[in-house]
Amino acid sequence: MPDLAAIVIHCRDPYLLAPFWSAVSGLPVVEADLAKLADRTLGPTEAVLLRDPHGRRPDLWISPAGDLPAPGRIHLDLVGDAEERAAVLEAGATVVRELPRWTVLADPEGNEFCLLPPHEAHAAEPPPGH
């Protein structure tokens, strides 16, 4: 089976979403893109790369895409305990709905993602909509 190399999140505003997804994923923005974010000098179609410095996790690209509908841009399932949930909310996520086994959240542009508690991460039945 192929390995997952990267995940792309399409957005309207990479200046807003790159710091958010960096905080939530724990992946730092690469230095060249960090400078462009700070200086607000990204080109209109230029994506921001978040990369694990140890190479253990897939890259995460935050890519401008204009008028894509928010729910269709991406859907990630993340695993986290109560402390990690608090950090995701502090980074700017909002709760969309609480379900019995997980929480549906939205990033600052409305892209939904799920936060599953660690004991649900490998449950036999995935969250609906997957």
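Now for a description of the structure that goes with this document. (Residues numbered from 1 in each chain as written. Predicted model: local features only at pLDDT ≥ 70, side-chain atom pairs only at ≥ 80, totals over all residues. Heavy atoms only, no water.)

1. Details of helix H1 (residues 14-25)
The α-helix advances 3.6 residues per turn, and as a result positions three or four apart in sequence lie on the same side. Between its first and last C-alpha, H1 extends 15 Å over 12 residues, near the 16 Å set by a 1.5 Å rise per residue. When H1 is considered as a whole, its buried residues turn out to be Pro14, Tyr15, Leu17, Ala18, Phe20, Trp21, Ser22, Val24 and Ser25. Capping the start of H1, Asp13 holds a side-chain oxygen 2.9 Å from the backbone nitrogen of Tyr15, two or three residues further along. Following H1 by one or two positions, Gly26 has its phi on the positive side, about 75 degrees. (Helix = DSSP H or I, 4+ residues; strand = E, 2+ residues; numbered from the N terminus. Expected span 1.5 Å × (residues − 1). Buried < 20%, exposed > 50% of the residue type's maximum accessible area, 1.4 Å probe, protein only. Polar contact = N/O pair within 3.5 Å; in protein donor to acceptor, adjacent residues only side chain to side chain.)

2. Brief notes about the nonpolar core
Counting 23 residues, the largest nonpolar core has Trp21, Val48, Leu50, Ile62 and Phe113 as its most contacted members. Among the elements that make up this core, the one with the highest residue count is H1 (6 residues). Sequence-distant contacts of Phe113, that is, excluding residues within four places in its chain, are made with Phe20, Trp21, His75, Leu76, Leu78, Val88, Ala93, Thr103, Val104, Leu105, Ala106 and Asp107. (Core = buried A, V, L, I, M, F, W, Y, C linked by side-chain atoms within 4.5 Å. Contact = heavy atoms within 4.5 Å.)

3. Overview of the packing of aromatic side chains
Evaluated as defined, the whole model comprises 3 aromatic pairs. Considering the side-chain rings of Phe20 and Trp21, the 5.1 Å spacing of their centres and the 85 degrees angle between planes classify their relative orientation as edge-to-face. Judged on exposure class, the residue Phe20 and its partner Trp21 are both buried. Taken together through their ring pairs, the aromatic side chains of Phe20, Trp21 and Phe113 make up a single cluster. Of note, Arg40 hangs over the ring of Tyr15, and the distance from its end group to the ring centre comes to 4.0 Å. (Phe/Tyr/Trp six-rings, centres within 6.5 Å; stacked < 30°, edge-to-face > 60°. Lys NZ or Arg CZ within 6 Å of the ring centre and 35° of its normal.)

4. Describing helix H3 (residues 82-91)
In this structure Asp81 caps H3, since a side-chain oxygen of it lies 3.1 Å from the backbone nitrogen of Glu83. Backbone geometry just after H3 places Gly92 at a positive phi near 130 degrees.

5. What about the pattern of salt bridges?
In this structure the tally under the stated criterion is 4 salt bridges. Measuring nitrogen to oxygen at the nearest pair gives 2.3 Å for the salt bridge that ties Glu46 to Lys36. Of the two residues, Glu46 is situated in the loop between helix H2 (31-39) and strand E2 (48-50) and Lys36 in helix H2; the sequence distance between them amounts to 10 residues. Take Lys36: its relative accessible area is 27%, and that puts it in the partly exposed class. Across the salt bridge formed by Glu112 and Arg97, the nearest N and O atoms sit 4.0 Å from each other. Taken together, the residues Glu112 in strand E7 (residues 112-116) and Arg97 in strand E5 (residues 94-98) connect sequence positions 15 residues apart. (Salt bridge = Lys/Arg side-chain N within 4 Å of Asp/Glu carboxyl O.)

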